[in-house]
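# Secondary and tertiary structure notes
Spelled out from the first residue to the last, the chains are:
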Amino acid sequence: MIHHDVTIVGGGCVGLSTAKHLSEQTDLDIAVLEKEHHLAEHQSGRNSGVLHPGFNYPPDSKKAQFATEGTRRMKEYCAKHDVPCDELGVLVVAKTDREEAHLDVLASQADANGVEYERLDSQAAIAEHEPHAVGQAAFYAPEAASVDSQQYIYALAREIQQNGVSLYTGHAVERIRERSSGYQLTTSNSNIETTYLVNAAGLYADTLAQQVGVGDGYQVIPFRGEYYEVTPDQSELCKTMIYPTPDPELPFLGVHYTRRTDGKVIVGPNAVLAFGREAYENTDINLSEFKDILAYDGFRKLLQSQTMLSVAWSELNKSYRKKAFTKAAQRLVPEVENDHLHKSYSGIRAQLVSDDGELVKDPLAIETEDAVHVLNAVSPGLTSSLPFGEYVAEKIIELDDRSSC
Ligand SMILES: Cc1cc2nc3c(=O)[nH]c(=O)nc-3n(C[C@H](O)[C@H](O)[C@H](O)COP(=O)(O)OP(=O)(O)OC[C@H]3O[C@@H](n4cnc5c(N)ncnc54)[C@H](O)[C@@H]3O)c2cc1C
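The shown structure was predicted, so the numbers you read here are calculated from the model rather than taken from an experiment.

This part takes up the overall build of the protein. Broken down by element type, the protein carries 11 helices and 20 strands. A compact globule built from 405 residues should have a C-alpha radius of gyration of about 22 Å, and the protein, at 21 Å, falls within 12% of that. With respect to the principal axes defined by its C-alpha atoms, the protein has extents near 65 × 45 × 40 Å. Per-residue burial for the protein yields a buried fraction of 57% across its 405 residues. In the protein, 74% of the contacts between residues at least 6 apart in sequence involve partners at least 24 apart. Carbon and sulfur atoms provide 47% of the accessible area of the protein, an area that totals close to 16900 Å². For the protein, the distance from the average site of its 36 positive side-chain charges to the average site of its 60 negative ones is 6 Å.

Rendered as structure tokens:
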């Protein structure tokens, strides 16, 4: 049977970044197992591709630290590896007094996290940045950037293979068994033994962790984010990136405009409960996964909140009624019309929920004596992936140092 010192399950940005840092800092024999035949098929290749400097996140949170450092490091990475990345800046628009007051919170978080910004206090000032955006005030963060996340994933994959990491695609891990030392992994292709395990399986990370008694008390709930593309003849409606003021009660940032590195302007994502972990269309349903979602106590408790129920309803509406989606888009750019939007791709967020019905907001990696399980790599997980992967790699290095003492 094939043996590796460290086996990483999941070839998304977190798993590949962990492999990158481990291969740079150790001589360990490392493998990455990815269930798909191509990379970037799930969250890491189906997102907005925005690098978020840390103004959205409370100081002292892991999210703030990883996002601020991740933005800087990822720009350097992209420059070095020829990954398209445009530093366009982001405009967060306030439409009401309450939203304008929340811009003060963004400004104080930006100050604390060392993020550059500018406050715009009139429609005229907004129009200088984005002629078609409408609001009463805005927050402008020039360091935000648009990146090609799929090319980033392939650059990481090339780099780790050059560093000697074995990358197995088409290897779905079906069963994990603990051995007296390490683990045996049964995959759809072959069996692999490993001394250390990193579980970075994204939408399925909880189910793999629970096979070895880790992560009870949590479940991944899949939230689909759907995008529309602005027709090319109207793409000048957004020059850079336009976001609504985030609602601090909600984990998702709301429907926004992103100018991608290929020049396309996408609008979205909404955040609608997916009826399966990989149910990318609003007609897709995976019955057994959907039953597990509905049966989960944490999910039912989450829905007891009036706010969550009304958000769930409004997001469902945006998924099934294009006009409701267009209305959300018009809140930022009133000139956009239903016919200017064409259905595009969707992505599914692996949002960890606890048994008491809380949405887990910070990244979460649970460590055992010979494994690290990444249970929550929520947005901005792409932005955070270099420091987050390094953090996971350091945990494995500590476990290895401890076992050789
Ligand atoms: C709609 C949307 C928009 C987003 N926008 C942004 C953004 O603008 N900026 C930002 O910073 N972040 C954004 N994010 C968040 C970011 O994309 C994620 O946080 C990040 O990609 C998570 O990476 P990951 O490696 O944990 O997961 P994934 O990319 O999902 O990787 C997990 C991998 O594990 C594999 N896998 C699963 N089960 C198994 C198994 N049993 N065996 C082997 N392999 C397995 C999967 O095939 C997958 O490739 C967005 C996410 C979504 C969904």
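Structure shown, so let's carry the discussion forward.
When its domains are assigned, the protein resolves into domain 1 (1–49 + 148–217 + 359–405) and domain 2 (218–238 + 248–354). On a C-alpha basis, the centroid separation for the pair domain 1 and domain 2 is 27 Å. The partner domain 2 presents 30 residues to the 25 residues of domain 1 that form the contact. Of the roughly 2200 Å² buried at the junction of domain 1 and domain 2 (both faces included), carbon and sulfur atoms supply 52%. The largest share of the area that domain 1 buries against domain 2 comes from Arg46, Leu203 and Leu359, three residues that together contribute 32% of it. Here domain 1 is connected to domain 2 by 2 salt bridges.

This part is about the pattern of salt bridges. Summed over the entire model, instances satisfying the criterion amount to 20 salt bridges. Between Lys20 and Glu24 there is a salt bridge, with the nearest N and O atoms lying 2.8 Å from each other. Of this pair, Lys20 and Glu24 both sit in helix α1 (residues 13–25), 4 residues apart, which is roughly one turn of the helix. Exposure remark for Lys20: the relative accessible area of 8% places this residue in the buried category. Glu24 sits in the partly exposed class, given a relative accessible area of 42%. Arg119 is the partner of Asp104 in a salt bridge, and the nearest nitrogen-oxygen pair spans 2.9 Å. Linking Asp104 in helix α3 (residues 97–113) with Arg119 in strand β6 (residues 118–120), this pair joins segments that are 15 residues apart in sequence. For Arg119, a relative accessible area of 35% corresponds to the partly exposed category. Residues participating in the shared-partner salt-bridge network are Glu367, Lys395, Glu398 and Arg402.

Running from N to C, α1 and helix α5 (residues 149–162) cross one another at 30 degrees; their axes reach a closest spacing of 9 Å. By the criterion of interaxial angle, the relationship of α1 to α5 is roughly parallel. Crossing angle aside, the handedness with which α1 passes α5 is left-handed. When α1 is examined against α5, the residues Cys13, Leu16, Ser17, Ala19, Lys20 and Glu24 are found in contact with a partner set consisting of Tyr152, Ile153, Leu156, Ala157, Glu159 and Ile160. Along the lines of polarity and charge, the residues of the contact of α1 with α5 split into 8 nonpolar, 1 polar and 3 charged.

Close to the ligand lie 38 residues, the nearest being Glu34, Ser44, Val50, Ala377 and Thr383. Here a nitrogen atom of the ligand sits 3.3 Å away from a polar atom, N or O, in the main chain of Ser48. In this structure, an oxygen atom belonging to the ligand sits 2.6 Å away from a side-chain N or O atom of Thr383. Protein chains shield 96% of the accessible area of the ligand, which is 1000 Å² for the free molecule. Where the shell around the ligand is concerned, the elements lending two or more residues are α1 and β18 (341–354). The greatest single-element share of the shell around the ligand, amounting to 3 residues, is contributed by β18. Residue composition of the shell around the ligand, grouped by class: 17 nonpolar, 16 polar and 5 charged. Split by domain, the shell around the ligand shows at least three residues from each of two domains, domain 1 (1–49 + 148–217 + 359–405) and domain 2 (218–238 + 248–354).

This part is about a negative patch on the surface. Negative charge collects at one region of the surface, where Asp216, Asp355, Asp356 and Glu358 lie side by side. Turning to its location among the elements, Asp356 is positioned in the loop between β18 and β19 (364–367).

Mapped onto the elements, Gly11 comes out in the loop between β1 (2–9) and α1. Ignoring any residue separated from it by four or fewer positions in sequence, one finds Gly11 in contact with Leu16, Val32, Leu33, Glu34, Leu39 and Ile153.

This paragraph deals with the side chain of Thr68. Examined against the element boundaries, Thr68 turns out to sit in helix α2 (residues 62–81). Setting aside its immediate chain neighbours within four residues, Thr68 contacts Gly54, Asn113 and Val115.

Residue Pro269 is reached from Gly268 by a cis peptide bond, and omega for that bond is -5 degrees. Cis peptide bonds are those with omega within 30 degrees of zero, and the linkage from Ser379 to Pro380 qualifies with 10 degrees. Mapped onto the elements, Pro380 comes out in the loop between β20 (371–376) and α11 (385–403). In this structure, Asp60 is a non-glycine residue whose phi angle is positive, near 75 degrees. Mapped onto the fold, Asp60 is located in the loop between β3 (50–51) and α2. Since its relative accessible area comes to 83%, Asp60 is described here as exposed.

About the thresholds
Residues numbered from 1 in each chain as written. Predicted model: local features only at pLDDT ≥ 70, side-chain atom pairs only at ≥ 80, totals over all residues. Heavy atoms only, no water. Helix = DSSP H or I, 4+ residues; strand = E, 2+ residues; numbered from the N terminus. Rg over C-alpha atoms; globule rule 2.2 N^0.38 Å. Buried < 20%, exposed > 50% of the residue type's maximum accessible area, 1.4 Å probe, protein only. Contact = heavy atoms within 4.5 Å. Areas by Shrake-Rupley, 256 points an atom, 1.4 Å probe, with all protein chains shown as cover. Lys, Arg positive; Asp, Glu negative; His and termini not counted. Charge placed at Lys NZ, Arg CZ, Asp CG, Glu CD. Domains from an automatic or database assignment. Buried area = accessible area lost by both parts, 1.4 Å probe. Salt bridge = Lys/Arg side-chain N within 4 Å of Asp/Glu carboxyl O. Axes fitted to C-alpha atoms, helices over the stretch in contact; angles between N-to-C directions. Parallel < 35°, antiparallel > 145°, perpendicular 65-115°, else oblique. Left-handed = near helix turned anticlockwise from the far one by under 90°. Nonpolar A, V, L, I, M, F, W, Y, C, P; charged D, E, K, R; others polar. Near = heavy atom within 4 Å. Polar contact = N/O pair within 3.5 Å; in protein donor to acceptor, adjacent residues only side chain to side chain. Patch = residues over 30% accessible without salt bridge, like charges linked within 9 Å, V, L, I, M, F, W, Y side chains within 5 Å.

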